[in-house]
Amino acid sequence: METLLDVENLWVKFPSRQGVFDAVRGVSFTLGRERLGIVGESGSGKSMTGRAILRLIRKPGIVEADHIKLDGVDLLTKTEKEMRAVRGQRISMVMQDPKFSLNPVMTIGSQIIEAYRLHNSASKADAYRKSLEMLEAVSINDPERVMRAYPHEMSGGMGQRIMIAMMLIPNPEILIADEPTSALDVSVQRQVLDIMDKLVKERGMGLIFISHDLNLVADFCDRVLIMYAGRVVEVCEADKLHDAKHPYTRGLLNSLPRLDQPSKRLEVLQRDPEWSQTPSVSGRI
Amino acid sequence: MSMLNVKNLNVWFGKRQQRVDAVRDATFEVARGESFGLVGESGSGKSTILRAITGLAPNWSGQLSIDGNPVPQKRPKAFYKQVQMVFQDPYASLHPRHSVDQVLGETLQLHGFRDIDNRVVKLLDDVGLGQKFRFRYPHQLSGGQRQRVAIARALAPEPELLLLDEPTSALDVSVQAEILNLLTDLRADRNLTYLMVSHDLSVVGHMCDRLAVMKSGEVVDILSVAALRSMEASHPYTRQLFEASL
Ligand SMILES: Nc1ncnc2c1ncn2[C@@H]1O[C@H](COP(=O)(O)OP(=O)(O)OP(=O)(O)O)[C@@H](O)[C@H]1O
Ligand SMILES: Nc1ncnc2c1ncn2[C@@H]1O[C@H](COP(=O)(O)OP(=O)(O)OP(=O)(O)O)[C@@H](O)[C@H]1O
Ligand SMILES: [Mg+2]
Ligand SMILES: [Mg+2]
């Protein structure tokens, strides 16, 4: 498979008075024209891995890596100005906090139109029409009203879908989607996944799909990285996720509530200190 | 006596042509000690119902009562000792410049507690965070860690009715299991009543006794969790929802 992105030995560090906290510790993987899932418990470093690729770690955080290559060019050697051209144009990211990523004092419509015209030479009227279409594509039922509305007037799931619509405008080579469907009901979720799937299959986009929903990732992705305490503890084919070996992954799978097997209490993870000692498993192919 | 009674509730935003009828004629009851689920389409008005109950959606008509007492348009402080809400969006619901300690300490103070220090420590333990998070700020927390702070804040006044808006949708499955177990224990220990929004039917199946299904602002179906488990639905939208989740 052709490699779009090649990440080698990625670290994200947060220095503080108490010492340095390593949020990501030596993660390596490659991404081709595929759907790569990243799962793992809260705080395991999934979002920081995604953000580090775009060099979007807030100060005092530090990103270090042997390299983060996009089509063979190391992003770590780029200037901040060059990075701005990468962000949004070549690699888009749907943030975990959709409403924070939208401008609260601008209508949804003007934000989508602005983003669209930044990437396409189009008249205002064309951009408006196009924006309506994009909202319809993510299953927004009343796109005219949504165009006039402000971010705080949107439901949780609507905010997520608006962000996805906007991130797809520049036709990126890589989309990093951080919990993009966590607020969506199952039927809308399906539709949003289908859109992303199409882009991977038809346009050859590479997708990094960050999620804590193991069933969803097993069903939707091609490969999965399983993260624990800043490291990758296991890599597997998505459809083999249910046969995963690592006790941590097994623990995650067993803690899911099941409609067909009611229980009074859910299993919780019994953490083993050893899990965080073992070096990161490589997700390169 | 029901803990929460919602009768012919309408909630709307905006005026005239801009008016959005987010909830129309919703009616349901939640018994004391019961756990009641709200499921349905994204944008169907689930969060809006919770917001109307807590006074965050000012335009509403119909009847709302808590423990037999009608809810007035302006909520007195005592109301929030009885009713607390955990918001869907853990990012927006915490003040960015307040540390975890401040968030919990101020809530406790507001509700007249004395032994604040001990209670902050206890609350952090209860939600599985522990002491090392006490002086952190929201931007130093992951999504799941923020949601645990939000739950700790809601538990602080020791409410009787908890309104939970997707309390675990931002959490990974192991923390979800911890939080759901915690909510189960709290309900048993303190005889709490839950009204819980979730798009995850297995979470609702695990946590709730009954559930209402919403679509386009209306409650279209009310059913038991037994019916959910056996996927028996008479309403076409409920059936569609069940089928999509298989
Ligand atoms: N500014 C910061 N200073 C110190 N630690 C931080 C900072 N930002 C994040 N962290 C820590 O980095 C770790 C990884 O965070 P990250 O957001 O990547 O987690 P995540 O896997 O995305 O979790 P979630 O599923 O809850 O979103 C967490 O333990 C978090 O507390
Ligand atoms: N402040 C507001 N101003 C105008 N419209 C609003 C406002 N808040 C919510 N709405 C609208 O009310 C409707 C219901 O929103 P609500 O947030 O209750 O949906 P929901 O069922 O919780 O959806 P989700 O599952 O996506 O969170 C939506 O169409 C939304 O755009
Ligand atoms: Mg995250
Ligand atoms: Mg909602």
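Just above, that's the structure.
Residues numbered from 1 in each chain as written. Chains lettered and ligands numbered in written order. Predicted model: local features only at pLDDT ≥ 70, side-chain atom pairs only at ≥ 80, totals over all residues. Heavy atoms only, no water.

## Let's talk about the overall build of chain A
Inclusion rule: Elements are defined by DSSP. Helices are runs of H or I of four residues or more, strands are runs of E of two residues or more, and each kind is numbered from the N terminus. Here's how the labels work: a residue is buried when its accessible area is under 20% of the maximum for its type, exposed when over 50%, partly exposed in between, all with a 1.4 Å probe on protein chains only. Accessible areas in this description were obtained via Shrake-Rupley with a 1.4 Å probe; residue shielding takes into account the shown protein chains only. The charged-residue count follows a simple rule in which Lys and Arg add positive charge and Asp and Glu add negative charge, with His and chain termini not counted at all. Note on charges: their place is set at NZ of Lys, CZ of Arg, CG of Asp or CD of Glu.
Secondary structure assignment for chain A yields ten helices and eleven strands. In terms of principal-axis extent, the alpha carbons of chain A reach across some 60 × 50 × 45 Å. Of all 285 residues assigned to chain A, the portion counted as buried reaches 56%. Summing over all exposed atoms, chain A offers an accessible surface of approximately 12800 Å²; the carbon and sulfur share of this is 50%. Between the centroid of the 38 positive side chains of chain A and the centroid of its 38 negative side chains there is a distance of 4 Å.

## Details of the site of ligand 1
What counts, and what does not: We call a residue near a molecule or strand whenever a single non-hydrogen atom of that residue lies within 4 Å of it. Nitrogen and oxygen atoms within 3.5 Å of one another constitute a polar contact, given that in protein one can donate a hydrogen and the other can accept it, and given that sequence-neighbouring residues count only through two side-chain atoms. Gly counts as polar in this scheme, as do all residues outside two lists: the nonpolar Ala, Val, Leu, Ile, Met, Phe, Trp, Tyr, Cys and Pro, and the charged Asp, Glu, Lys and Arg.
As a structural note, the neighbourhood of ligand 1 is formed by 20 residues, with Ser 42, Gly 43, Lys 46 and Ser 47 of chain A together with Gly 144 of chain B the closest of them. Looking at the residues close to ligand 1, they fall on chains A and B. Within the side chain of Ser 47 of chain A, a nitrogen or oxygen atom sits 2.7 Å from an oxygen atom of ligand 1. Contacts to ligand 1 include Gln 140 of chain B, whose backbone N or O atom sits 3.1 Å from an oxygen atom. Elements with a contribution of two residues or more to the shell around ligand 1: β2 (19–31) and α1 (46–53) of chain A together with α5 (143–155) of chain B. Its residues placed into classes, the shell around ligand 1 shows five nonpolar, twelve polar and three charged.

## Section: the sheet that holds strand β7 (residues 91–94) of chain A
Residues and elements named next belong to chain A. This is how the line gets drawn: One bridge is not enough; two strands pair if DSSP finds at least two bridges between them. Note on geometry: axes are lines fitted to C-alpha atoms, helical ones only across the stretch in contact, with angles between N-to-C directions running from 0 to 180 degrees. Throughout, a contact is declared for two residues whenever any of their heavy atoms are within 4.5 Å.
Here six strands make up an open sheet; going across it, the order is β7-β8-β9-β3-β10-β11 and the pairing mixed. This sheet does not close on itself; its edge strands, each paired only once, are β7 and β11 (231–237). Pairs of neighbouring strands in the sheet enclose a mean axial angle of 15 degrees, with direction left out of account. Pairing of strand β3 (residues 35–40) with strand β9 (residues 206–210) involves four bridges; the strand directions are parallel. When the bridges of β9 are listed, Gly 37 appears paired with Phe 209. Of the strands in this sheet, β7 and β8 (174–178) touch helix α7 (residues 156–168), which is tilted by about 175 degrees from β7. Contacting β3, β8 and β9, helix α8 (residues 186–203) runs over the sheet at an angle of about 150 degrees to β9.

## Brief notes about the state of the cysteines
Residues and elements named next belong to chain A. Counted only if it meets this: Throughout, a disulfide means two cysteine sulfur atoms within 2.5 Å of one another.
Under the counting rule described, the total for this entry stands at zero disulfides over all chains. The thiol of Cys 221 is unpaired, and the distance to the nearest cysteine sulfur, on Cys 236, comes to 11 Å. Since its relative accessible area comes to 7%, Cys 221 is described here as buried.

## Here's the deal with the packing of helix α4 (residues 108–119) of chain A against helix α5 (residues 124–137) of chain A
All names here are of chain A. Stated formally: Throughout this description, any angle smaller than 35 degrees is read as roughly parallel, any larger than 145 degrees as roughly antiparallel, any in the 65 to 115 degree range as roughly perpendicular, and the remainder as oblique. In this scheme, a crossing is called left-handed if the near helix is turned counterclockwise away from the far one by less than a right angle; it is called right-handed if the turn is clockwise.
Between α4 and α5, the shortest axis-to-axis distance is 9 Å and the interhelical angle comes to 115 degrees. When the interaxial angle is binned, α4 and α5 end up roughly perpendicular. Considering the relative orientation of α4 and α5, their crossing is right-handed. Of the residues in α5, those touching α4 at Ile 112, Ile 113, Tyr 116 and Arg 117 are Lys 124, Ala 127, Tyr 128, Lys 130, Ser 131, Met 134 and Leu 135.

## Remarks on the nonpolar core
Grouped burial of nonpolar side chains is what soluble globular proteins tend to show. Going by this rule: Buried Ala, Val, Leu, Ile, Met, Phe, Trp, Tyr and Cys residues form a nonpolar core when they are joined through side-chain atoms within 4.5 Å. Segmentation into domains, and thus their bounds, comes from an automatic or database assignment.
Ranked by size, the top nonpolar core spans 61 residues in total, and within it Ile 162, Met 196, Leu 207 and Phe 209 of chain A carry the most contacts. With eight residues, the single largest contributor to this core is α7 of chain A. Shared between two domains, this core holds at least three residues of each, these being domain 1 (1–90 + 174–285) and domain 2 (95–171) of chain A. The residues touching Met 196 of chain A, leaving out its near neighbours within four places in the chain, are Leu 175, Ala 177, Pro 180, Met 205, Leu 207, Phe 209 and Phe 220 of chain A. Residues Leu 259 of chain A together with Leu 162, Leu 171 and Ala 233 of chain B belong to the second largest nonpolar core, which totals 54 residues.

## Some thoughts on the site of ligand 2
By nearness alone, 19 residues border ligand 2, and Arg 145 and Ser 155 of chain A together with Ser 42, Gly 43 and Thr 48 of chain B come closest of all. This site is not confined to one chain, since residues near ligand 2 come from chains A and B. Ser 47 of chain B places a polar side-chain atom, nitrogen or oxygen, 2.7 Å from an oxygen atom of ligand 2. Coverage of ligand 2 by the protein chains reaches 90% of its 640 Å² of free accessible surface. Partitioning the shell around ligand 2 into residue classes produces four nonpolar, eleven polar and four charged.

## Description of the pattern of salt bridges
Heads up, the rule is: In the sections that follow, a salt bridge refers to a side-chain nitrogen of Lys or Arg positioned within 4 Å of a carboxyl oxygen of Asp or Glu.
Scanning the entire structure with this criterion turns up 34 salt bridges over all chains. For Arg 87 of chain A, the salt bridge identified is with Glu 80 of chain A, shortest N-O distance 3.0 Å. Residue class for Arg 87 of chain A comes out buried when judged on its relative accessible area of 17%. Of the charged contacts, one joins Glu 34 of chain B and Arg 210 of chain B as a salt bridge, the two residues approaching to 2.7 Å between their closest N and O atoms. Placement of Glu 34 of chain B in the loop between β2 (20–31) and β3 (35–40) and of Arg 210 of chain B in strand β9 (residues 210–215) is noted, with a sequence separation of 176 residues between them. Through salt bridges with shared partners, a single ionic network connects Arg 35, Asp 197, Lys 201 and Asp 222 of chain A.

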